[in-house]
Amino acid sequence: MAYWDTHMHSNFSGDSNSTPESMVQASIQKGLAGICFTDHLDYSYPKDPSLFLLDLPSYSQAIHRLQAEYAGKIPVLFGIELGLQPQLAETHRQLLQEYDFDFVIGSSHVVHGADPYYSSYYSGRTESAAYLEYFESILENIHACPAFDVYGHLDYVVRYGPHQNTFYAYETYQDIIDEILRQLILLGKGLELNMAGFKYGLGHPNPCEDILKRYRALGGEILTLGADGHKPQDIGYAYPKLSALLEVCGFSYYTVFKKRRPEFIPV
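This text gives an overview of the structure that appears in the document. These numbers come from a predicted model, not from an experiment. All residue numbers here refer to positions counted from 1 along the written sequence of the relevant chain. Restriction of local features to residues with pLDDT of at least 70 applies here, the model being predicted, together with a cutoff of 80 or more for giving and counting side-chain atom pairs; totals for whole chains, interfaces and linings are based on all residues. The side-chain numbers reported here are obtained from all heavy atoms of the structure, hydrogens and water having been left aside.

**Focus: the pairing of strand β4 (residues 103-107)**
And step 1. Among the 5 residues that make up β4, 5 are buried, leaving the element largely enclosed by the rest of the structure.
And step 2. Where burial is concerned, the two faces of β4 agree: the one with Phe103, Ile105 and Ser107 and the one with Val104 and Gly106 are both buried.
And step 3. The rule for pairing is simple: two strands pair if DSSP sees at least two bridges between them. Numbered from the N terminus, helices here are DSSP runs of H or I no shorter than four residues, and strands are runs of E no shorter than two. Note: strand β3 (residues 76-83) against β4, 5 bridges, orientation parallel. The partner of glutamate 81 across the bridge, within β4, is isoleucine 105.
And step 4. Of the crossover connections in this fold, the one passing from β3 over helix α3 (residues 89-98) to the parallel β4 is right-handed. Whether a residue is buried, partly exposed or exposed follows from its accessible area with a 1.4 Å probe, protein chains only, as a fraction of its type maximum: under 20%, in between, or over 50%, in that order. By definition, the crossover connecting two strands over a helix is right-handed if that path, from the first strand to the second, turns clockwise as seen with the strands pointing away from the viewer.

Listed below in structure tokens is the structure:
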């Protein structure tokens, strides 16, 4: 079946050079059922505070123009990926009152002032300690400001660790991860199945299958799909694996948000 890709970036994000229109056209060529743009907004980014400051008026105008232009060809939704940090809670709340987003991904890109993308985050300590701090920061973000619909790429940190996921397992961090999942479920928030883990050579999605299974076993129901593409060739990355992944993780449906409301699509 054709799936939605509800996590993608364009040149409105500081880490993409692709026009929104090129992403839409590639999505049509790949036969996707629909898409949602979720360009980055990360205030207080440590390396370059301006890198992920999203021009929201221009972004909104561009995506709504594409919605009208491609109506009847592919649904195009208007989303955002917020880089969560506890001190940004009120800023994010106010922002989400100003724009009519369909979908809001909350993600952890900065952990106590450092981005796990850079090797300096891991310097002077064990990989497991760095990973644990990452998960602890997620719980802090959930408590501080649950103004999002799903938590994105929950174990993002393993993409960039010194050994990536070679020595990583859900069981090692089970206590903190289970508490994260319980809080998401309690608050009515979802989880993202992010296929970019395959692009980064992990051999698994983010989060890994064991976390997705645990989320389902705890009663989690909201699961969105995305390839986290920053260029046209990344759209729908590894999507042929999706049907088997959903089945093994216990999901007979997935979720698409429209006007911040979840719609469940059977598979």
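Alright, that's what it looks like, and here's the rest.
**Section: unusual backbone geometry**
And step 1. In this structure, proline 207 follows asparagine 206 across a cis peptide bond, with omega equal to -5 degrees.
And step 2. Relative to the assigned elements, proline 207 resides in the loop between α6 (196-199) and α7 (209-217).
And step 3. Positive phi, normally seen in glycine, also occurs at glutamine 164, with a value near 50 degrees.
And step 4. Residue position: glutamine 164 is located in the loop between β5 (150-151) and α5 (174-186).
And step 5. Owing to a relative accessible area of 24%, glutamine 164 belongs among the partly exposed residues under this scheme.

**Digging into α7**
And step 1. The set of residues buried in α7 consists of Glu209, Ile211, Leu212 and Tyr215. One face of α7 carries all of its buried residues, which in axial projection span an arc of 165 degrees.
And step 2. Should any heavy atoms of two residues lie within 4.5 Å, those residues are considered in contact. The elements touched by buried residues of α7 are α5, β6 (190-194), β7 (223-226) and α8 (242-248).
And step 3. The positive-phi residue at the C-terminal boundary of α7 is glycine 219, with phi of around 110 degrees. In this context, the arc is that of the directions from the helix axis out to the C-beta atoms.

**As for the environment of alanine 71**
And step 1. Note on placement: alanine 71 falls in the loop between α2 (56-69) and β3.
And step 2. A relative accessible area of 53% means that alanine 71 is categorised as exposed.
And step 3. As a C-alpha pair, alanine 71 and proline 240 span 169 residues in sequence and 26 Å in three-dimensional space.

**Observations regarding the pairing of β3**
And step 1. Most of β3 is tucked away, with 8 of its 8 residues classed as buried.
And step 2. You can see the chain leave strand β2 (residues 34-41), run along α2 and come back into β3, and the turn it takes is right-handed.

**Here we look at the nonpolar core**
And step 1. Each nonpolar core is a collection of buried residues, namely Ala, Val, Leu, Ile, Met, Phe, Trp, Tyr and Cys, held together in the definition by side-chain atoms within 4.5 Å. Phe37, Ile80, Phe135, Ile180, Leu191, Leu193 and Ile211 are the most contacted members of the largest nonpolar core, which has 84 residues in total.
And step 2. When residues in this core are grouped by element, the largest group, 7 residues, is from helix α4 (residues 127-144).

**Some thoughts on empty space enclosed by the protein**
And step 1. Two kinds of site are reported from a 1 Å grid over the protein atoms alone, namely cavities, where a 1.4 Å probe fits but cannot get out, and pockets, open sets with protein on both sides within 12 Å along at least five of seven lines, and residues are called lining when an atom falls within 4 Å of a point. Grid points are joined across faces, edges and corners, and a volume is the space filled by probe spheres set on the points. Per the counting criterion, the structure on display carries 1 cavity of 30 Å³ or more.
And step 2. Volume-wise, the largest cavity comes out at about 40 Å³.
And step 3. Leu84, Gln85, Pro86, Leu88, Ala89, His92, Asn141, Ala144 and Cys145 together form the lining of the largest cavity.
And step 4. Among the secondary structure elements, those contributing two or more residues to the lining of the largest cavity are α3 and α4.
And step 5. By the convention adopted, Pro, Cys, Tyr, Trp, Phe, Met, Ile, Leu, Val and Ala count as nonpolar, Lys, Arg, Asp and Glu as charged, and the other residues, Gly among them, as polar. A per-class count over the lining of the largest cavity returns 6 nonpolar, 3 polar and no charged.

The values reported here are purely geometric and, on their own, carry no functional implication.
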